[in-house]
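Close look at the chain arrangement
Take a look at the letters that make up each chain.
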Amino acid sequence: AGEAEFLQRQQVIVRVYIIEALELPSRDAGSLSDPYLKIKLGDQEISDQENKKENTVNPQFCTIYDIKASLPGDSELSIEVWDYDIVGSDELLGATKIDLENRHFSQKFRSFRNQMPIETRTLYKPTSKLSQGSIRLWVEIWPATDQKALKKKWQIAPKPQLEFEARLIIWECQEIPMVDIEGCSDIFFTCKIGDELERRTDVHYRSSNGRGSFNWRMIFPINLPMHPHYATIQVWDKDLFSGDDFIAETTIDLSLIHI
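Just so you know, these numbers come straight off a predicted model, no measurement behind them.

The rules behind each value
- Residues numbered from 1 in each chain as written.
- Predicted model: local features only at pLDDT ≥ 70, side-chain atom pairs only at ≥ 80, totals over all residues.
- Heavy atoms only, no water.
- Pairing = 2+ DSSP bridges.
- Helix = DSSP H or I, 4+ residues; strand = E, 2+ residues; numbered from the N terminus.
- Axes fitted to C-alpha atoms, helices over the stretch in contact; angles between N-to-C directions.
- Phe/Tyr/Trp six-rings, centres within 6.5 Å; stacked < 30°, edge-to-face > 60°.
- Buried < 20%, exposed > 50% of the residue type's maximum accessible area, 1.4 Å probe, protein only.
- Salt bridge = Lys/Arg side-chain N within 4 Å of Asp/Glu carboxyl O.

This part takes up the sheet that holds strand E7 (residues 119-122). With antiparallel pairing, four strands are arranged side by side in an open sheet as E4-E1-E8-E7. Two strands in the sheet have a free side with no partner beyond their single neighbour: strand E4 (60-71) and E7. Recorded for the sheet is a direction-independent mean angle of 35 degrees between the axes of neighbouring strands. As paired strands, strand E1 (residues 10-22) and strand E8 (residues 134-143) are joined by ten bridges and run antiparallel to one another. Paired with Ile18 across the strands is Leu137, a residue of E8.

If you want it as structure tokens, here you go:
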């Protein structure tokens, strides 16, 4: 953009599409977090506490916010994720900041207007340099007089969930490490889908060669699409007089399964 355009103040609408946050920190005792969004620009603030997501560190927000702005002017857009607390003050989980002037007066940014790329931005807290998770979003900036563009909103609401039954067969295993002092393992498997569902096999006792036979079917009632969308399979050694010994785990990405 030319220097004259940069010096001329323009009224704009900043439209923020927020899809989801990923791997947020857990801040609640005995549970995960209850995240919600705050959007800040200059002296404006949108607090969306009423749309908080309960007991999750991977919330799907699928929300759209419009904020009035004058550019050049207050241009630091702050997108914050907070944890709702019934008792005590809510806690900042992480935030990301976007320089709107940098974007508005960039020809490259303007070239994306009709198909803005989705960004995955790292969240930070002022008290730490470590990542506090990430957030997926994109930002549009439109002249406040461009009613045609402002009427067009991308639909980002999640697809309605459908009920399915997931079936996992644990047939057999091999090359499982021996963890008991007798040179054997008492092998069993667990499988967990999402945050709550869990199943386990019976135990193959006294395996001395790393092999185990099960022919065990696990059935999970699930809703798709689901979030998180991973099945976690773990192998354990059964102990009668102490805690079971964890051996290994793998995950299956259920989003890759075509329905």
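Still to come is the rest of the account.
Let's shift gears to the sheet that holds strand E5 (residues 76-83). Strands sit in the order E3-E2-E5-E6 across an open sheet of four strands; the sheet is antiparallel. Every other strand in the sheet has two partners, leaving strand E3 (44-47) and strand E6 (91-99) as the edge strands with one partner each. For this sheet the average axis-to-axis angle between neighbouring strands, irrespective of direction, equals 15 degrees. Relative to E6, E5 runs antiparallel, the two sharing eight bridges. Bridging from a neighbouring strand, Glu76 pairs with Asp99 of E6.

A few words on the packing of aromatic side chains. Inspection of every chain in the model, using the stated rule, returns three aromatic pairs. Seen from their ring centres, Tyr17 and Trp138 are 4.3 Å apart, and the 10 degrees between their planes marks the pair as stacked. Separated by 121 residues along the polypeptide, Tyr17 in strand E1 and Trp138 in strand E8 bring together distant segments of the chain. Among the residues examined, Tyr17 registers a relative accessible area of 0% and is labelled buried.

As a further point, take the pattern of salt bridges. A side chain of one charge can pair with a side chain of the opposite charge if their charged atoms are brought near each other. Inspection of every chain in the model, using the stated rule, returns eight salt bridges. Between Arg15 and Asp66 there is a salt bridge; the shortest N-O distance is 2.8 Å. Pair noted here: Arg15 is in strand E1 and Asp66 is in strand E4, with a separation of 51 residues, a long-range link. Linking Glu165 and Arg167 is a salt bridge whose minimum nitrogen-to-oxygen distance equals 2.7 Å. A residue is classified by how much of its surface remains accessible, and Glu165, at 44% relative accessible area, is partly exposed. The exposure class assigned to Arg167 is exposed, which follows from its relative accessible area of 54%.

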